Structure formats: C-alpha cells, structure tokens
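Close look at the chain arrangement
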Amino acid sequence: MFESWIDPFGPAGRPVPPTGTVAFFWHHLRQARLPFIALLILGGLVALVEAGLFYFVGRLVDLLDGSTQAEGWAGLIDRHGAELTFMLVVILLIRFVVTWASALVEEQTINTGFYNRIRWQSYTHVSRQSLSFFQNDFAGSVATKVWQSGGSVGDFMVSLIQVVWFIGVYTVTTMVLVAQLDWRLAALVGLWIAIFAVLARYFVPRMRKFSAATAESASALSGRIVDSYSNIQTLKLFGNADEDNRYVRRGFETFLAAMIRMTRTITAVRASMAMLSGIMIVAIGALAIHLWTQGSISVGGVAFTMGLVLRLYNLLGRMMTQLNGLMRNFGTAQNAAELIARPLDLVDAPDATELQVTEGAIRFENVHFHYGRPGGIISGLDLSIAPGERVGLIGRSGAGKSTLVNLLLRFYDLEQGRITIDGQDIARVTQDSLRRNIGVVTQDTALLHRSVRANIVFGRPDATDEEMTTAAEMAEADSFIETLADPKGRTGYDAHVGERGVKLSGGQRQRVAIARVLLKDAPILVLDEATSALDSEVEAAIQSQLESLMVGKTVIAIAHRLSTIAAMDRLIVLDKGRIVEEGTHAQLVALGGHYAQLWSRQSGGFIDVGADGGAEEEAGV
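What counts, and at which threshold
Residues numbered from 1 in each chain as written. Predicted model: local features only at pLDDT ≥ 70, side-chain atom pairs only at ≥ 80, totals over all residues. Heavy atoms only, no water. Helix = DSSP H or I, 4+ residues; strand = E, 2+ residues; numbered from the N terminus. Rg over C-alpha atoms; globule rule 2.2 N^0.38 Å. Contact = heavy atoms within 4.5 Å. Lys, Arg positive; Asp, Glu negative; His and termini not counted. Charge placed at Lys NZ, Arg CZ, Asp CG, Glu CD. Phe/Tyr/Trp six-rings, centres within 6.5 Å; stacked < 30°, edge-to-face > 60°. Buried < 20%, exposed > 50% of the residue type's maximum accessible area, 1.4 Å probe, protein only. Lys NZ or Arg CZ within 6 Å of the ring centre and 35° of its normal. Salt bridge = Lys/Arg side-chain N within 4 Å of Asp/Glu carboxyl O. Axes fitted to C-alpha atoms, helices over the stretch in contact; angles between N-to-C directions. Parallel < 35°, antiparallel > 145°, perpendicular 65-115°, else oblique. Left-handed = near helix turned anticlockwise from the far one by under 90°. Patch = residues over 30% accessible without salt bridge, like charges linked within 9 Å, V, L, I, M, F, W, Y side chains within 5 Å. Areas by Shrake-Rupley, 256 points an atom, 1.4 Å probe, with all protein chains shown as cover. Pairing = 2+ DSSP bridges. Domains from an automatic or database assignment.

Glancing now at the overall build of the protein. Of the regular secondary structure elements, the protein holds 18 helices and twelve strands. The C-alpha radius of gyration computed for the protein amounts to 36 Å, which surpasses the reference 25 Å derived for 621 residues by more than 25%, pointing to a less compact arrangement than a globule. Once the C-alpha set of the protein is aligned to its principal axes, its extents read approximately 125 × 50 × 50 Å. Relative to all contacts within the protein whose residues are 6 or more apart in sequence, the contacts with residues 24 or more apart total 77%. Averaging the locations of the 54 positively and 61 negatively charged side chains of the protein gives two centres separated by 11 Å.

What follows deals with the packing of aromatic side chains. Within a pair of aromatic rings, the relevant descriptors are the distance that separates the centres and the angle that separates the planes. This structure, assessed with the given rule, holds twelve aromatic pairs. Between Phe-96 and Trp-100 the ring centres are 6.1 Å apart and the planes differ by 0 degrees, which places this aromatic pair in the stacked class. Of this pair, Phe-96 and Trp-100 are both found in helix H3 (residues 72-127), four residues apart, which corresponds to roughly one turn of the helix. The interplanar angle of 35 degrees and the centroid separation of 5.9 Å between the aromatic rings of Trp-120 and Tyr-123 together place this pair among those described as tilted. Separated by three residues within a single helix, Trp-120 and Tyr-123 lie in helix H3, roughly one turn from each other. For Trp-120, a relative accessible area of 35% puts it in the partly exposed group. Given a relative accessible area of 47%, Tyr-123 falls into the partly exposed group. Every member of this aromatic cluster is reached through a ring pair, and the members are Phe-9, Trp-120 and Tyr-123. Of note, Arg-119 hangs over the ring of Trp-147, and the distance from its end group to the ring centre comes to 3.9 Å. Over the aromatic face of Tyr-247 sits the side chain of Arg-224, whose NZ or CZ is 4.3 Å from the ring centroid.

Next up on the list: the pattern of salt bridges. Side-chain pairing between opposite charges can occur once the charged atoms of the two side chains come close. All chains considered together, the criterion is met by 17 salt bridges. Among the salt bridges present, the one from Glu-365 reaches Arg-363, with a minimum N-O distance of 3.1 Å. When the shortest N-O distance is used, the salt bridge between Asp-569 and Arg-390 registers 3.8 Å. Linking Asp-569 in the loop between strand E8 (554-558) and strand E9 (570-575) with Arg-390 in strand E3 (residues 390-394), this pair joins segments that are 179 residues apart in sequence. For Asp-569, a relative accessible area of 38% gives the class partly exposed.

Now for the environment of Leu-527. Along the chain, Leu-527 turns up in strand E7 (residues 524-528). For Leu-527 and Arg-246, which are 281 residues apart along the polypeptide, the C-alpha to C-alpha distance reads 40 Å. When residues no more than four places from it in sequence are discounted, the contact partners of Leu-527 are Val-441, Met-550, Ile-556, Ala-557 and Ile-558.

Looking now at the packing of helix H13 (residues 465-474) against helix H15 (residues 506-520). Two elements in contact, H13 and H15, have axes separated by 8 Å at closest approach and are oriented at 130 degrees. Classified by the angle between their axes, H13 and H15 sit oblique to one another. Crossing angle aside, the handedness with which H13 passes H15 is right-handed. Residues Glu-467, Met-468, Ala-471, Ala-472 and Met-474 of H13 lie in contact with H15, whose contacting residues are Ala-515, Leu-518 and Leu-519.

A word on a positive patch on the surface. Together, Arg-201, Arg-206, Lys-209 and Arg-261 make up a region of like positive charge exposed at the surface. Considering every element that reaches the positive patch, the biggest residue donor is helix H6 (residues 183-230), with three residues. Relative to the helices and strands, Lys-209 is located in helix H6. Given a relative accessible area of 59%, Lys-209 falls into the exposed group.

This brings us to the pairing of strand E4 (residues 416-421). Sheet analysis places strand E1 (residues 362-369) next to E4, joined by five bridges and oriented antiparallel. Bridged to His-368 within E4 is Gln-416. With two bridges joining them, E4 and strand E5 (residues 424-425) adopt antiparallel strand pairing. By the bridge assignment for E5, Thr-420 is matched with Asp-425. In textbook terms, the turn of a hairpin is the stretch between consecutive antiparallel strands, and for E4 and E5 this stretch comprises two residues, one of which, Asp-422, has a positive phi near 50 degrees.

Bringing the sheet that holds E8 into the picture now. One open sheet accounts for six strands, arranged E6-E7-E8-E3-E9-E10; its pairing is mixed. A single partner strand is all that each edge strand has here, and the edge strands are strand E6 (438-441) and strand E10 (578-583). Ignoring strand direction, the axes of neighbouring strands in this sheet form an average angle of 20 degrees. Of the strand pairs in this sheet, E7 and E8 are connected by five bridges, and their pairing is parallel. Directly across from Leu-525, in E8, lies its bridge partner Val-555. Packing of helix H10 (residues 401-408) onto the sheet brings it into contact with E3, E6, E7, E8 and E9, and relative to E8 it is tilted by some 145 degrees. Across the face of the sheet, H15 comes into contact with E6 and E7 while running at roughly 170 degrees to E6.

Within the secondary structure, Glu-106 is located in helix H3. With a relative accessible area of 11%, Glu-106 lands in the buried category. In this structure Glu-106 touches Leu-39, Asn-111, Val-158 and Gln-162, once residues within four positions along its chain are discounted.

Often, the extent of an interface is quoted as the loss of accessible area on bringing the components together. Domains assigned within the protein are domain 1 (17-182 + 327-343), domain 2 (183-296) and domain 3 (449-521). For domain 1 versus domain 3, the separation of C-alpha centres amounts to 49 Å.

So, on to the pairing of E3. A large share of E3 lies buried, amounting to five of its five residues. Where burial is concerned, the two faces of E3 agree: the one with Arg-390, Gly-392 and Ile-394 and the one with Val-391 and Leu-393 are both buried. Note: E3 against E8, four bridges, orientation parallel. The residue bridging Val-391 from the neighbouring strand is Ile-556, located in E8. Note that E3 and E9 share four bridges and pair parallel. Each bridged residue has a counterpart across the sheet, and for Val-391 the counterpart in E9 is Arg-570.

This is the structure:
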C-alpha cells in the first residue's frame, strides 16, 4: 500500500514546471501532499515521544527517591503502577508504532515514489525541448541535473520535516516541560534558541549561495568528463591526453574553488555552534543546580532538565549541520530547476491537429531563417515539390541544404514564411505526427545504445520480426548482424550496439539506419548523404533497394557526390540560402552554371550523361 501511494509515472498536472525555485518545489510537493502531511504528523509525534522519554527519566528518579527500597517492586507497583504502565506503553508500543509508520512513509512512499516521480517528469519535459536546447549544453550536464532534481527536492523536504520540524517540536516541548519546573530555565532555553536563530540568519544565505555555485560547477564538471569519455576515440587518435586532462582539470579547479568557499562557511558554523552550546549548557546546568539548592526543583528535575538540554544540544548541532545539507539540496534543486523549468521554445500550436499525408506535396513559401542572426542562411526561399517527385538538393557547404531539411522536420521555427505538406502548415500540426510521416537517413548516423532489433523497429514498434528482418536484408545488413555478439553474450539482433552505435563500423551503422527507414515506410523520404559511409559494392546493392523504396514517395535527397542524385526528377542548386539553378541533370549541365562546374570537377570529364539525364560511369572510372 505504501509503495503504491505515489505513482512514479503519474502526470504532472501542468505541461511546464514553474521557473522559480520555491514554485518548482511546490509544483512537485503538491502532487504528494497527503504523504508529506502524514510524515509531518508522524515526525511531530516522534519528537513528542522522544522528549517524553527524558521526562520519564526525571519522574523515575523522583519515584525512586520517594519510595522505600525495602518494599521493592511490589511497593513501586502498588503506589505508582498506573504511571509506570503508561511509561511502558509509550516506550514499547506507541514509540514503535510512530517510528515504524514514519519509516514506512519516508522509505517506501517518498523515497521510491516521490523522488522518481520528479525525475520522470523532469526527463519527459526536457526531452520535449528543441534540438538547439541540447546543442547548447553538455548532454552529461543535462542528464546530471535531471537525475539530481529528484534527489535534491526529495532530500530537502524529508530533511526539513525530519530535522527542522522534529527539532522545532522537540524544542517547544522542552520549553513547556522545563517551564513547569521554573520559568527561568525556559527563558535560558529560549535565549539559546534566539541566538541560534541569529547565527542561522547570518550563515544560511551564504550557505545557499555557495551551495548553488557548487552545484553548478559540479554539473559542468560532470559534463566535461562525459564529453571526454563520449569522444574517447578522438582523444586517443590525436594522442594528446595532457591537453584533455588540462581541460577537465580546469573544471575540477572551478568546482574546488566553489567547494572551498562552502566548506569554510561550514567550519565557521560548527565553531560558532560549539561555543554557543558550551556556554548555554553550563548556564542552564548552573541554574538548575542553584534551583535545587533553593529547594525549587527536585533531583529528578535536575536530571530531567540536563537530559533534555544535552539532547537539545545534539539536535541543534545536527540541525545546523543539516542546514548545510538542506542548502546543498536547495542549491542543487535551484540549479536543476533553472534548466528543467526552462520554457519549451518549440511547442505545438494550441489547436494543432494530426498531419494527414494523402499525396506528399511540399511547399516552401517565402521562407526566411537565420538561426537568430541578422541575416544569412535562408532568405525568401520559394520551392514547390510535387507529390511523388524526387528532388536533389545541391550546393557547397553552408548553402542551406541541411537547414532546409531541419526546417521541414520543424526542428526550428521559421522567422518568416511557411512550409506546407498537402496544404497543411507544419506549424499547425503536431510535431510527432509530422515526423512520423517523414523517413530520414542522415550522414552522421548515431544509434541508440540498445539492441539491433530495438534500433531497427524504433520508427515502427508494432512491426513483426519477419518485417524487421526483411528490412535488414533490403539494407544489406542481415549478413553482419548475424555475426554480432556483445560482452553480455547477446547475439544477432539482440546484441547491443554501444553508445551511439560505436561497436559498429560507420557503414554498418548506416545500413541499420537505412533498415530502420525502410521499415518505417513513411510517405516522405529525406536522404541526407544516406550512402556516404558505404563502400561502392554495398552502396550499389542498397541503391536499388532505395530506388524501390522511393516509388510513390516524395523524396528530398542531399549528396555531395553528384553521381548519386543525378538521376533525380529535378535538381535544386542552392547558394547562400537561395535557389540559383534548377532542372534535370542534362538541363543543368547544358546551362553551364554552378552545377556544371561542380559536375566537371567531380567527373573529370569521364562521365557520360545518357539521354535520360542519368549518370553512367564508364568502365575503369
């Protein structure tokens, strides 16, 4: 019952978490109000019971002092049986029940459900961020902040209840109990708490400030380490480990500088608390003994007072130490909230509908896009692609080819103009439905660190094994997949491919990616240097499969090797974000412009252009 009280995968109730740290805390806390109210009540009861134990010690001293030793247990029970029974019930039963119930709520409800609910909601929200969001930060830093969000918010709230609330209830109970003996004892305890509050008021803001700085530098350091490990092959290829070590060390030095400021503050806190507690323990002890000499309190009263005060000393010391932990968690949560609660910069329109592709006609209308800069990239571009037409995009690096594809996939919003598919503005349809209808194979293929099977069926999870293996065969991938084995003994389609697919060669990764798109079978196909990582023999074999895949689909292909797209229905030549030429291969060669120059450089005059506009390489080339 306690383990299922909070559903870790429950909805957040609002699409975007608030940006303020306190609001961020409340956003998650309100989703678990009842468990935290229960923990609050139980924490207060535990504090009352613990204070009561010291009261029992004082009463027991007085009962023994007022009893005759010769009467033994019989005399004690006869005179004080009811009171002793009450003590027994509190110690053996009530104390056990409230401690057990508190542990159930904290460990089996909050630690499992609440912590992981925050992590899950943070992960799902951040995963909806735009491509540029992830391009502007370390993946390791983002992942660290998402994971820490659950631990920091959960630890802060649990510590707040377990320590601050517990000590608050205990302190009030202590003052009430000692006030029954003498008001002056309660006044000294009150003075102690007041001076403690002044110290806390001075140190806590500094601890919070240094905690936030420490958390930020820690996540940045984590990002540097993950970045190094993710690119370990590049580091080893250049044989310059010392330079990378210096880069990571600078991150360590920044983290250590922030941490030193934090630890100096903690040292000052501990020293101040030691001085304050020493003075107050001596003062309260001296007053208690003085009151005993005056006959104002009993020996049991002195024992009871000193027991409570010594426990209060331990608790206040623990509280100041926990304030360090609280501020660390608050700073970590604040650091995580600044990233996690960042508003989505690319969202579906409120009235977005599902994209319905009936023909596959694509139109770019007066498209402007500059990546937020004053100009450049794409300005005023108009392009119409007919249903089922195969179009090749050509141009030098930076001409805007890949940007045009990214805009079609709506990885970025246009600065001006619009893009439509079958008359539907892609800004008015859901992003998921848009991308479900477009199959993409890119030059830089990165696979998920999962099985080959999971990577191929990712675009179509309901595919059968037979459909999956057929797609792999068409992509010329089945032969090498059958030979795969990973360190855990998984083989073939069940073998895992490593982070970003590093256990496969570039050509193998590309063939798995092609198999994935073949299986997805979307009505619109984008090929961005799709066969660039393949050797000539495999490329020739796959090319025929891609040709059959293109039948009945609208195709946009990008290639630097012009021979791979020369047979397209129409070639679009881009330069500085504008269309400078368009036509068939034969038309553009005859035009003698940009395309003809590029073709001449690549062919060296050894390529014969057939009457149909296709490129046929002569023997020996």
